[in-house]
Structures are given as structure tokens and as C-alpha cells.
Amino acid sequence: MQLDLNLLTALDALLEEGSVQAAADRLHVTAPAMSRSLGRLRRATGDQILVRTGRTMTPTPYAIAVREQVHELLQQVHNVLAPSRELQLGTLERTFTLRWHDALVARSGPALLAAVREQAPGVRLRFLAESSTDTPELRRGEVDLEANANRPSVPEIHAEKVADTGHVVVARKGHPLARRSSVTAAAYAEAEHVTVSRRGRLTNPLDDALARLGLTRRVVASAPTEAAAFEFVRDSDLLLTAPESTPRAVAAQLGLALIPLPLDLPRAPVYLSWHQRYDTDPAHTWLRGLARTALTDRTD
């Protein structure tokens, strides 16, 4: 059998996208050309690969079984054929895409960008907002680095805990609780609250900690970012409970008061995550090191 590595690339795209048109768009070829590749793959494997189900295409059991193997094989081919080059930061031109929690972008993004520009002025950073749903961009190579509180469960996504932080209650200056020398859990629960959730959730592990004390709180709103939540807090009697590093940096600027959280809540972790394909990429390794430093120095 005469092997055609282009078919391996086509198979990987078809299995990832589940669509002839989407696979064609990904590889920058026409849909008819991708259809011909699918036909050749069917003849070579003796399997349909993708079958039509209504208006969508469904992978066969064989396709599902080999999907990860195909992806790994293609990456191995790329690693073998790509020439090894010593990293030259002064002439490096590359754009890295980072999907970080908004608080981490505000807190550590400027320090990372300053370090990158000092060492490699030809490198650009694209910070993306977190999505309200889980997305596969990290696995597909469309995002280089993620940073948030979630440890990925997918084996091929590597994660490193780079920092953690305690929690603090944020209120406007002049809030009744801000004038007290100490705040009890009961007084905290009796106040009205705003939460931060990109998915719009009105509860979080803090409510579980209150429930163990026989207490509940009233959450009247959720905001998609900490910056938005701060605006709710500064002009009302709402309380916001957040990882303490961000509020400490902006409290004076926004006229906010910080109150110790009267609950025993686990510290919030910060994970830096990337796909294993970048483990030995010199430029990616360099960027991870700078990101690790920025996140650690600005969070702990």
C-alpha cells in the first residue's frame, strides 16, 4: 500500500470537525477536494468514517476508536519533519493566543506583556475572554495557554498550579459591615450579594460552606466579570466575595472596603494549562515561564 500523508491530515481534520465543509475550511481546500479525500480514506480503511444522520455527519465506531491515535500520529509526523531551530528571541515573530480569567488578565496580563516585549519585541499576545461554555480550542491548538481556577481533566492537556489565593469580602466604603470591627458569618449571610460567574450561576462553593453552618445568603445578581461586579458593589450595599489579590489591587482606586471573610473557605487555585503538543516547543516553553512568573508574582 502506498501511503499518502495528506490523507492522514485530511482524516484528522474530518474526525475533529465532523463535517466535510468544516474540514475543508480548516485545511483551506475546497469541499469537493475534501469529499474526494474522504472517498479515498473509505477505500483505504474499508470503513465509512463519517455517515450522514439527518443534516449532520456522525463518526463510525472505527472513527471514534482511532481519533486520538490519528491526532498523535500526525503530531509525531510534524515533530519529525519540522526542523529543529534554536530559539532567537530577538528575531522571533509569533502570535500567542491566551484564554485567561478576566481577573488574571487584569492582574497579571500587563506584567506578562511587558516581559514579552522586553525580550521578544516581535511577539504579540491575544487575550481572549472566557466562554460561557467549555470550548475545544486548547486541544485544537487555537489557544496556546489557559489560566483559571479549573484543572483540566483531559489527559492530553497539561496543567500546572502556579498560585493560590484566599478570599475577601468587598463592599463600598461606608457599608454597615465595613464599619464593624468584626463580622460574623450570620451578619455576612444576612446581607445581599452579587456573584461572579461567566455562566450566570447564582451559587458557588461559598453557599455550601454557609449551609454547613445552617445559613443561607440572598444573591440578587451575577456578573460575568469581577470588574463588572465591582461596579455593582461600589454604588450599593451588595457584597462581593472574591479572591483577594484583585480587590487589594483596586480597592483604593474604586473606593472599596475589604472585609475578612468570616468563613473557612479553601484557597482559590490558579492553573496554567496547555496542550501536550507544545511541551517541547522552545517558544511556548519560554512563554510559559514568563506567564508562570507573572501569575505567581501578582497572585500570591
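The preceding data block contains the structure.
The shown structure was predicted, so the numbers you read here are calculated from the model rather than taken from an experiment.

About the cut-offs
- Residues numbered from 1 in each chain as written.
- Predicted model: local features only at pLDDT ≥ 70, side-chain atom pairs only at ≥ 80, totals over all residues.
- Heavy atoms only, no water.
- Helix = DSSP H or I, 4+ residues; strand = E, 2+ residues; numbered from the N terminus.
- Rg over C-alpha atoms; globule rule 2.2 N^0.38 Å.
- Buried < 20%, exposed > 50% of the residue type's maximum accessible area, 1.4 Å probe, protein only.
- Contact = heavy atoms within 4.5 Å.
- Areas by Shrake-Rupley, 256 points an atom, 1.4 Å probe, with all protein chains shown as cover.
- Pairing = 2+ DSSP bridges.
- Axes fitted to C-alpha atoms, helices over the stretch in contact; angles between N-to-C directions.
- Phe/Tyr/Trp six-rings, centres within 6.5 Å; stacked < 30°, edge-to-face > 60°.
- Lys NZ or Arg CZ within 6 Å of the ring centre and 35° of its normal.
- Polar contact = N/O pair within 3.5 Å; in protein donor to acceptor, adjacent residues only side chain to side chain.
- Arc of directions from axis to C-beta.
- Salt bridge = Lys/Arg side-chain N within 4 Å of Asp/Glu carboxyl O.
- Parallel < 35°, antiparallel > 145°, perpendicular 65-115°, else oblique.
- Left-handed = near helix turned anticlockwise from the far one by under 90°.
- Nonpolar A, V, L, I, M, F, W, Y, C, P; charged D, E, K, R; others polar.

Q: Describe the overall build of the protein chain, and please don't skip the residues or the numbers.
A: Regarding its fold elements, the protein chain presents eleven helices and twelve strands. Since a compact globule built from 300 residues should have a radius of gyration of about 19 Å, the 24 Å found for the protein chain marks it as more spread out than a globular shape. Taken over the C-alpha atoms alone, the protein chain extends approximately 80 × 50 × 30 Å along its principal axes. The buried share among the 300 residues of the protein chain stands at 41%. Partitioning the contacts of the protein chain with sequence separation of at least 6, the portion at a separation of at least 24 is 75%. In the structure as shown, the protein chain presents an accessible area of about 16300 Å², 51% of it carried by carbon and sulfur atoms.

Q: Break down the sheet that holds strand 12 (residues 268-275) for me, citing the residues and quoting the values.
A: Spatially, 4-3-5-12-6 is the arrangement adopted by the five strands of the open sheet, whose pairing is mixed. The sheet terminates laterally at strand 4 (123-128) and strand 6 (157-165), the two strands that pair on one side only. For this sheet the average axis-to-axis angle between neighbouring strands, irrespective of direction, equals 20°. As defined by bridge partners, strand 5 (residues 145-148) adjoins strand 12 across three bridges and the pair is classed as antiparallel. Residue pairing across strands places A147 opposite L272, the latter belonging to strand 12.

Q: Hey, could you go over the packing of aromatic side chains for me, with residue numbers and the actual values?
A: Considering all chains together, one arrives at one aromatic pair under this definition. With 5.4 Å between their ring centres and 80° between their planes, W100 and F127 make a pair best called edge-to-face. You can see W100 sitting in strand 3 (residues 94-100) and its partner F127 sitting in strand 4, a full 27 residues away along the chain. Over the face of the ring belonging to Y278 we find R277, whose NZ or CZ atom lies 5.9 Å from the ring centre. Here the guanidinium or amino end of R288 rests over the ring plane of W274, the centre of that ring lying 4.5 Å away.

Q: Describe the side chain of R99, naming the residues involved and giving the relevant values.
A: Within the secondary structure, R99 is located in strand 3. Within the structure, R99 has its side chain in polar contact with the side chain of E137 (distance 3.5 Å).

Q: Tell me about helix 9 (residues 226-234), and please be specific about residues and values.
A: All buried positions along helix 9 are accounted for by E226, A229, F230 and V233. Around the axis of helix 9, the buried residues are gathered within 105° of arc, so they sit on the same side.

Q: How would you sum up the sheet that holds strand 8 (residues 192-196)? Please name residues and give values.
A: Reading across the sheet, the five strands line up as 9-8-10-7-11 and stay open at both edges, with mixed pairing between neighbours. Of all the strands in the sheet, just strand 9 (218-223) and strand 11 (256-260) have a single pairing partner and so form its edges. Each neighbouring strand pair of the sheet contributes to a mean axis angle of 35°, computed without reference to strand direction. Here strand 8 pairs with strand 10 (residues 239-243) via two bridges, running parallel. Its bridge partner being in strand 10, V194 is matched across the sheet by L240.

Q: Describe the pattern of salt bridges, with residues and values.
A: In this structure the tally under the stated criterion is 17 salt bridges. Among the ionic pairs, E160 bridges to R292, the shortest N-O distance being 2.8 Å. Here E160 is found in strand 6, whereas its partner R292 is found in helix 11 (residues 282-299), with 132 residues between them in sequence. Look at E160 and you get partly exposed, because its relative accessible area is 25%. Note that D207 and R217 form a salt bridge whose closest N and O atoms lie 2.8 Å from each other. Of this pair, D207 sits in helix 8 (residues 205-211) while R217 sits in the loop between helix 8 and strand 9, placing them ten residues apart in sequence. For D207, a relative accessible area of 15% puts it in the buried group. Connected via shared salt-bridge partners are D12, E17, R26, R140 and E142.

Q: Before we move on, could you go through the packing of helix 9 against helix 10 (residues 245-254) and cite the residues and values that matter?
A: Where helix 9 contacts helix 10, the axes come no closer than 12 Å and their chain directions differ by 45°. As summarised for this structure, helix 9 and helix 10 are arranged oblique, according to the angle between their axes. Judged by the twist between their axes, the crossing of helix 9 over helix 10 is right-handed. Here E226, F230, E231 and R234 of helix 9 lie close against helix 10, whose contacting residues are T246, P247, V250 and L254.

Q: Lay out the packing of helix 2 (residues 20-27) against helix 3 (residues 31-45) with the relevant residues and their values.
A: Following both chains from N to C, one finds helix 2 and helix 3 inclined at 110°, their axes separated by 8 Å at the closest point. Classified by the angle between their axes, helix 2 and helix 3 sit roughly perpendicular to one another. Judged by residue contacts, V20, Q21, A23, A24 and L27 of helix 2 engage A31, M34, S35 and L38 from helix 3. Taken together, the residues of the contact of helix 2 with helix 3 break down into seven nonpolar, two polar and no charged.

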